[in-house]
Amino acid sequence: KNISVSRMLNHRTIAKKFREKAKKLEKPDLIYVAFPTIDYASEAVKYGKKYNVPVIVDIRDLWPDIFKHNLPKYLRIFASPYIKLMDYKTRRIMKNAFAINANSEAVLEWGLKKGKRKKNKFDRFFYIGYKRENSNSNPSKKNILKKDKFNISFFATINNQFDYDKIAELAKKLEKTDNDIVVNICGDGPKMDILKEKTMGLSNINLLGWTERDDLKYILENSKMGLAPYKNTFDFQIGVSNKFAEYIAYGLPVILTSDGYMKKLVEENNCGISSKNPDEICKYIMELKNNNSKYEETSKNARKLYEEKFNAEKIYNDLINYLEEVEGEMKK
């Protein structure tokens, strides 16, 4: 599970192993550590302080704040001491890190606020990059999707991050409006039974289950829009998901159901819609389907945003240059 006692204990065990092994290893030029896990990042920062090694903390998820939002109320009370301890560790990590990296400007601000520190020249954000690749022309699954349909696709681990009621509501409205529109859902996970129950009997839902990488690329190449039905939680309000980059890499206008940073990107770049209203989303889909020039313009905008800000080759070259810049600073 995403959040469990056994997983938290495992994080502590791995951090302890790092602490023991790090003593025996040659001192590095710098450390780039993912956050979470909190325990691992904490040990890395302690090591950096002790041995004068710059530690860059890369924020990938907003722990422990997401626990407060995702745990049921009764568990929140039970887990409160642990959450407070993890929050204390998080604040120390952010305060004592040489620099903070994040996957959006808003997430970087979250890290700086946690550490009660002013932004320095090495505190940066790098979007999660995606490398577009062409698929094999023949997918491994037969009839994986119908290329002559207006395909809207959704890729995910089917967990508690998504609003399955919104998916079902939207599919019902689309089914009544236009039977050429199909919603393809790729993935599996702990909420699969709920998704199946919510979408039961809908002719325009295509549940593909776990899908291989080449098949995913094939689906992206033959889709018209990408669905990202995130719950309107604070982590998705200030972050950018990897699926966002994946969709726009293939020129797919994005359908969001959350507010915040991704909504801002979509609206500023005119490459999709962000709404919690299924009627509004349905109307937008029909506008693009029935107006090819508008669709092409929106698709072009999505691809342009990808090339400018989410192209993996560009992002990771920038990251490499950044790390060399930090190393050079330390040698002065």
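This structure is a prediction, so every number in the text was calculated from the model and none was measured. (Residues numbered from 1 in each chain as written. Predicted model: local features only at pLDDT ≥ 70, side-chain atom pairs only at ≥ 80, totals over all residues. Heavy atoms only, no water.)

(A) Seen up close, the pattern of salt bridges. Inspection of every chain in the model, using the stated rule, returns 23 salt bridges. In this structure, the salt-bridge partner of Asp259 is Lys263, at a minimum N-O distance of 3.5 Å. Lys263 gets classed as partly exposed once you look at its relative accessible area, which sits at 23%. Salt-bridge contacts for Lys294 lead to Glu287; the nearest nitrogen and oxygen are separated by 2.9 Å. Judged by relative accessible area, Glu287 falls into the partly exposed class, the value being 32%. (Salt bridge = Lys/Arg side-chain N within 4 Å of Asp/Glu carboxyl O. Buried < 20%, exposed > 50% of the residue type's maximum accessible area, 1.4 Å probe, protein only.)

(B) How the structure looks around a positive patch on the surface. Where like charges cluster on the molecular surface, the positive patch consists of Lys17, Lys21, Lys23, Lys24 and Lys50. Its place among the elements puts Lys24 in the loop between helix 1 (5-22) and strand 1 (31-35). (Patch = residues over 30% accessible without salt bridge, like charges linked within 9 Å, V, L, I, M, F, W, Y side chains within 5 Å. Areas by Shrake-Rupley, 256 points an atom, 1.4 Å probe, with all protein chains shown as cover. Lys, Arg positive; Asp, Glu negative; His and termini not counted. Charge placed at Lys NZ, Arg CZ, Asp CG, Glu CD. Helix = DSSP H or I, 4+ residues; strand = E, 2+ residues; numbered from the N terminus.)

(C) Seen up close, the packing of aromatic side chains. Using the criterion set out here, one finds 19 aromatic pairs in the structure. Centre to centre, the rings of Trp63 and Phe67 are 5.2 Å apart; their planes meet at 55°, and the pair counts as tilted. Here the two residues Trp63 and Phe67 agree in accessibility, since each one is buried. These aromatic residues form a ring-pair network of at least three members: Phe125, Tyr127, Phe244, Tyr261 and Phe310. (Phe/Tyr/Trp six-rings, centres within 6.5 Å; stacked < 30°, edge-to-face > 60°.)

(D) Layout of the nonpolar core. Ranked by size, the top nonpolar core spans 71 residues in total, and within it Ile152, Phe154, Phe244, Ile285 and Phe310 carry the most contacts. When sequence neighbours within four positions are dropped, the list of residues in contact with Phe244 reads Val254, Met262, Leu265, Val266, Leu305 and Phe310. (Core = buried A, V, L, I, M, F, W, Y, C linked by side-chain atoms within 4.5 Å. Contact = heavy atoms within 4.5 Å.)

(E) Unusual backbone geometry, seen in detail. Across the junction of Pro36 and Thr37, the peptide omega takes the value 20°, indicating a cis bond. Among the secondary structure elements, Thr37 is positioned in the loop between strand 1 and helix 2 (38-51). The amide bond that connects Trp63 to the next residue, Pro64, takes the cis arrangement and shows omega of -10°. One can find Pro64 in the loop between strand 2 (55-59) and helix 3 (65-70). Notably, Asn52 is not glycine yet its phi reads approximately 60°, a positive angle. Residue position: Asn52 is located in the loop between helix 2 and strand 2. For Asn52, a relative accessible area of 61% puts it in the exposed group. You will see that Lys116, though not glycine, has its phi angle at about 50°, which is positive. Considering the arrangement of structural elements, one finds Lys116 in the loop between helix 5 (105-115) and strand 4 (124-125). We classify Lys116 as exposed; its relative accessible area is 76%.

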